[in-house]
Amino acid sequence: MATVVTAKPYGYGSDLANWSNHVTKFVARHKLDDKWTVDGSLRIYWGFPGLEDYVDYTRNPMAMTDFPAVNAGWERAYRGNYYLNTGLQYEHSKHLTIRVDGYNLLGIFNPDVNKRNYYSSLGDFRSHAVAVAVSLVYRF
């Protein structure tokens, strides 16, 4: 019986291959005054040891997988994922609100921290772009 959920049946670790063992989320909101509000969130996926175990298994010449080989020393996919989003809101009146949001802001400093691991390709990932959104809400 073959599985891609974990490498444990093959003698390599006991963690899930495509999910972090520990996930943390911080959320904060602060009302600066009666018009201005700032908020943000930070999500942390603290590494992927099960993915590393599965890749170790695929490097075994006896492994019966269709996954491509991952080069030795490649560790970027096993590191943590970090997503920092922030927002600033100005409530001009009970009818008009203006907001600016930033997404994946840590990617400004290192694009690898905003990554999403591919389920179907071990050791590969895609970095999410840093993004900014501006919104204007008018209530009638």
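Relevant structure appears above.
Here is what the cut-offs are and how they apply
- Residues numbered from 1 in each chain as written.
- Predicted model: local features only at pLDDT ≥ 70, side-chain atom pairs only at ≥ 80, totals over all residues.
- Heavy atoms only, no water.
- Helix = DSSP H or I, 4+ residues; strand = E, 2+ residues; numbered from the N terminus.
- Rg over C-alpha atoms; globule rule 2.2 N^0.38 Å.
- Buried < 20%, exposed > 50% of the residue type's maximum accessible area, 1.4 Å probe, protein only.
- Contact = heavy atoms within 4.5 Å.
- Areas by Shrake-Rupley, 256 points an atom, 1.4 Å probe, with all protein chains shown as cover.
- Lys, Arg positive; Asp, Glu negative; His and termini not counted.
- Charge placed at Lys NZ, Arg CZ, Asp CG, Glu CD.
- Pairing = 2+ DSSP bridges.
- Core = buried A, V, L, I, M, F, W, Y, C linked by side-chain atoms within 4.5 Å.

Caption draft 1: Local environment of the overall build of the protein chain. Helix and strand content of the protein chain: 1 helix and 7 strands. Helices (α) and strands (β) of the protein chain occur, in sequence order from the N terminus, as β-β-α-β-β-β-β-β. Its C-alpha radius of gyration of 21 Å places the protein chain more than 25% over the 14 Å reference for a compact globule of 140 residues. Looking at the protein chain as a whole, 31% of its 140 residues are labelled buried. Considering only contacts in the protein chain between residues 6 or more positions apart, those separated by 24 or more positions represent 59%. Summed over all atoms, the accessible surface of the protein chain reaches about 9,100 Å², with 59% contributed by carbon and sulfur. For the protein chain, the centre of its 15 positive side-chain charges and the centre of its 13 negative side-chain charges are spaced 8 Å apart.

Caption draft 2: How the structure looks around the environment of Ala 133. Mapped onto the fold, Ala 133 is located in strand β7 (residues 131-138). On the basis of relative accessible area, Ala 133 is assigned to the partly exposed category, the value being 28%. In sequence terms Ala 133 and Tyr 78 are 55 residues apart; their C-alpha atoms lie 30 Å from each other.

Caption draft 3: Spatial organisation of the environment of Ser 135. In this structure, Ser 135 sits in strand β7. Along the chain, Ser 135 and Thr 97 lie 38 residues apart, while their C-alpha atoms are 8.2 Å from each other. Among all residues touching Ser 135, those that are not within four sequence positions of it are Thr 97, Ile 98 and Arg 99.

Caption draft 4: The arrangement of helix α1 (residues 49-58) in detail. For α1, the buried fraction is high: 7 of the 10 residues fall into the buried class. Within α1, the full set of buried residues consists of Gly 50, Leu 51, Asp 53, Tyr 54, Val 55, Tyr 57 and Thr 58. Among the structural elements, β5 (115-117) are those in contact with the buried residues of α1.

Caption draft 5: Fine view of the pairing of strand β1 (residues 23-31). Where β1 lies against strand β2 (residues 36-45), 9 bridges are found, and the strand directions are antiparallel. The residue bridging Ala 28 from the neighbouring strand is Gly 40, located in β2. Hairpin connection between β1 and β2: a loop of 4 residues separates the two successive antiparallel strands.

Caption draft 6: Fine view of the nonpolar core. With 13 residues, the main nonpolar core has Leu 51, Tyr 54, Val 55, Ala 77, Tyr 78 and Leu 122 as its most contacted residues. For this core, the element with the highest residue contribution is α1, accounting for 4 residues.

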